[in-house]
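# Coordinate analysis (summary)
Next come the chains, spelled out residue by residue.
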Amino acid sequence: MIESTATEIANEYGPEYWREKEENEEFAEEFWDALSDAGFHGLMVPIEYEGAGMGMQEMGTAMETLCAEGCGMAGTWYLVLTAGMATVGIKEYGTKAQKRNYLTDIALGERNFSIGITEPEAGTNTLNTETFAEKDGDEYVINGQKAWITFSDRADNMIAVTRTTPIEDVDRKTDGISLFIVNMDSPGIEVSPIPKHAMNYSKSCEVFFNDVRVPEENILGKKDQGWKPLLEMINPERIGFAAAATGIGKLAAREAIDYANEREVFDAPVGTHQAVSFPITKAYARMETASLMRRKASWLYDNDKECGYETNVAKATSIEAGIEAVKQSMQAFGGWGFAKEYDVERWWREINLARLAPVTQQMAYNHISQQIGFPRSY
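Residues numbered from 1 in each chain as written. Predicted model: local features only at pLDDT ≥ 70, side-chain atom pairs only at ≥ 80, totals over all residues. Heavy atoms only, no water.

## Some thoughts on the overall build of the protein
Across its full length, the protein carries twelve helices and ten strands. Radius of gyration (C-alpha) of the protein: 21 Å, near the 21 Å computed for a compact globule of 378 residues. In terms of principal-axis extent, the alpha carbons of the protein reach across some 80 × 50 × 35 Å. Sequence separation of 24 or more characterises 73% of the internal contacts of the protein that already satisfy a separation of 6 or more. Here the protein has roughly 16,800 Å² of accessible surface; of this, 47% comes from carbon and sulfur atoms. (Helix = DSSP H or I, 4+ residues; strand = E, 2+ residues; numbered from the N terminus. Rg over C-alpha atoms; globule rule 2.2 N^0.38 Å. Contact = heavy atoms within 4.5 Å. Areas by Shrake-Rupley, 256 points an atom, 1.4 Å probe, with all protein chains shown as cover.)

What follows is the structure, given as structure tokens:
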């Protein structure tokens, strides 16, 4: 049912729609609303808050299908932050008031979250977060800077990663991290979009906090113990990007296969030549295998089992297979692969972000290598 519904949505909001949104740098309001009407924003929201009460398995299926059937990266992009990360954080660690205040709105598509993790200096090393929240009565005062925060120009709220105890004052570096649900219309917040390579149907921004006051009741989880909730939120992001990579790769491959069956050179369709067909076929086989690892990671996550290794394997293998599929699909088009009208150049730009986010391929392999027995490298 999820696959068929996602396919219907993707058929309505296909490549031409996203080409236009990308070129005009417009947020896809109609697509966002279609996801709401289908109940996709609430897939992981508990039933008592108007959601479907499902898990990452179903969300990954929705994401990959949306991506593969015509939406490209947007199929994950419009779901992973609010319907994925924010929902997980609030339903697992939120107070009753926080769940009541936010989850129903999320399920109905009436509330948009950004996730404030990355900083200019800390980069991948989130433990070096410098954004600091200082206690002042029954409020906290936040000062600092975030970078590459998607949807922050239009989000209602941000889950902001801060330090509430300096790193030099904690026994473990993972201590002293706190998460805050911040209202984005609070005084002292400045948002500045970053011109970027792709996905211009939403903005990714620098966000500056200058004496931003947040009620103590807006802490998500417990003070100084935000590291575990953050990890719980990051795993769905990695699974989501794995779904995006195989989805985009399959989308590009199918477009290239159609083209290769129609385009004739030297009195035969170019698809009859193994130099064209085999590279795409091999990448497609790898994507199918990577999708199975993503499903395994999702199953482990949904059943409250350790899944860090599996999510990194799924992310790393999906991205490599997907990138190869788009690369070889672009090659199959020849010079037309460079033309915007065939969309594959846009999917090439989109999928290459997955090498860098939500964690770089190098860091994914660092984690995997440690799990299989190599010494820690970071």
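## Observations concerning the packing of aromatic side chains
Applying the stated criterion to the full structure yields 21 aromatic pairs. For the pair Trp77 and Phe241, a centre-to-centre distance of 6.5 Å together with 55 degrees between the ring planes defines the contact as tilted. Placement of Trp77 in helix H5 (residues 74-77) and of Phe241 in helix H8 (residues 227-262) is noted, with a sequence separation of 164 residues between them. The exposure classification of Trp77 matches that of Phe241, with both residues buried. Among the aromatic residues, ring-to-ring pairing joins Tyr13, Tyr17, Trp18, Phe27, Phe31, Trp32, Tyr78, Phe151 and Tyr201 into one connected group. Taking the ring centre of Phe27 as reference, the NZ or CZ of Arg154 above it sits at 3.6 Å. (Phe/Tyr/Trp six-rings, centres within 6.5 Å; stacked < 30°, edge-to-face > 60°. Buried < 20%, exposed > 50% of the residue type's maximum accessible area, 1.4 Å probe, protein only. Lys NZ or Arg CZ within 6 Å of the ring centre and 35° of its normal.)

## Overview of the pattern of salt bridges
Applying the stated criterion across every chain yields a total of 20 salt bridges. Arg349 is the partner of Glu345 in a salt bridge, and the nearest nitrogen-oxygen pair spans 3.0 Å. With a gap of four residues between them, Glu345 and Arg349 both fall in helix H11 (residues 344-353), about one helical turn apart. With relative accessibility at 12%, the residue Glu345 sits in the buried group. (Salt bridge = Lys/Arg side-chain N within 4 Å of Asp/Glu carboxyl O.)

## Things to note about the packing of H8 against helix H10 (residues 308-332)
For any two helices packed against each other, the geometry comes down to the angle between their axes and how far apart the axes lie. Remark: H8 packs on H10, axes separated minimally by 8 Å, with the N-to-C direction vectors making an angle of 20 degrees. As summarised for this structure, H8 and H10 are arranged roughly parallel, according to the angle between their axes. The interaxial crossing formed by H8 with H10 has left-handed handedness. When its residues are assigned to classes, the contact of H8 with H10 shows 14 nonpolar, nine polar and two charged. (Axes fitted to C-alpha atoms, helices over the stretch in contact; angles between N-to-C directions. Parallel < 35°, antiparallel > 145°, perpendicular 65-115°, else oblique. Left-handed = near helix turned anticlockwise from the far one by under 90°. Nonpolar A, V, L, I, M, F, W, Y, C, P; charged D, E, K, R; others polar.)

## A word on the state of the cysteines
Here, disulfide denotes a covalent bond that connects the sulfur atoms of two cysteines. Summed over all chains, the structure comprises zero disulfides. In this structure Cys71 is a free cysteine whose sulfur lies 7.2 Å from that of Cys67, the closest cysteine sulfur available. (Disulfide = S-S within 2.5 Å.)

## Section: the environment of Ala122
Relative to the helices and strands, Ala122 is located in the loop between strand E1 (113-116) and strand E2 (132-136). Counting along the chain gives 24 residues from Ala122 to Lys146, while the straight-line C-alpha distance between them is 9.7 Å. Apart from the residues lying within four places of it in its own chain, the contact partners of Ala122 are Asn128 and Thr129.

Functional significance is not addressed by these values, which are geometric in nature.
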